[in-house]
Amino acid sequence: VQLQASGGGLVQPGGYLRLSCAASGSIFSISAVGWYRQAPGKQREWVASIARDGSTNYAGSVKGRFTISRDNAKNTVYLQMNSLKPEDTAVYYCAAQRLRDGVYGYWGQGTLVTVSS
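Description of the structure in this document. Bear in mind that the values here come from a model prediction, so they are computed numbers and not experimental data.

Conventions and cut-offs
Residues numbered from 1 in each chain as written. Predicted model: local features only at pLDDT ≥ 70, side-chain atom pairs only at ≥ 80, totals over all residues. Heavy atoms only, no water. Helix = DSSP H or I, 4+ residues; strand = E, 2+ residues; numbered from the N terminus. Contact = heavy atoms within 4.5 Å. Phe/Tyr/Trp six-rings, centres within 6.5 Å; stacked < 30°, edge-to-face > 60°. Buried < 20%, exposed > 50% of the residue type's maximum accessible area, 1.4 Å probe, protein only. Lys NZ or Arg CZ within 6 Å of the ring centre and 35° of its normal. Pairing = 2+ DSSP bridges.

### Concerning the environment of Gly9
Take Gly9: it is sitting in strand β2 (residues 9–11). In contact with Gly9, other than residues within four places in its own chain, are Leu17, Leu112, Val113 and Thr114.

Laid out in structure tokens, this is it:
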């Protein structure tokens, strides 16, 4: 499975961005797709995920502001980020969970989101 993340950029506080994660390869072997982020000097943290059945989960810090969704026809997962805050600044990664063992074993390259005035 290959994952290609895109959509990062510079945005002012209160603004919005939409990240995309395009998947290719053995899509049938994936049980969920998640977004993670890593801020400078901090550990990588989970942000949101969407399961095969369409159920979604969010970290408390982004709940109500971020929305994860998918387009099955395009094999793409999106992360709509609204009301962005400076603390949302990070490199965002998409990852896919393997159906066989539940591990997020497939990772895309990161896309940088900078929230600053």
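### As for the packing of aromatic side chains
Going through the model one piece at a time under the given rule, you end up with 3 aromatic pairs. Both rings, one in Tyr36 and one in Tyr104, keep their centres 5.6 Å apart while their planes meet at 75°; by these two values the pair is edge-to-face. Note that Tyr36 is positioned in strand β4 (residues 30–38) and Tyr104 in strand β10 (residues 104–107), a separation of 68 residues in sequence. Tyr104 matches Tyr36 in its accessibility class, with the two residues each being buried. Considering the side-chain rings of Tyr93 and Trp107, the 6.5 Å spacing of their centres and the 75° angle between planes classify their relative orientation as edge-to-face. Here Tyr93 is found in strand β9 (residues 90–98), whereas its partner Trp107 is found in strand β10, with 14 residues between them in sequence. Looking at Tyr93, the relative accessible area reads 16%, which means it is buried. An aromatic cluster is built from Tyr36, Tyr93, Tyr104 and Trp107, whose rings are joined through pairwise contacts. Sitting over the ring of Tyr78, Arg18 keeps its end group 4.1 Å from the ring centre. Lying across the ring of Trp107, Arg44 places its NZ or CZ 4.6 Å from the centre.

### Focus: the pairing of β10
Two elements, β9 and β10, share 3 bridges in a ladder whose sense is antiparallel. Along β10, the bridge assignment pairs Gln97 with Tyr104. Remark: 5 residues form the turn of the hairpin made by β9 and β10, two consecutive strands paired antiparallel; Gly102 in that turn has positive phi of roughly 75°.

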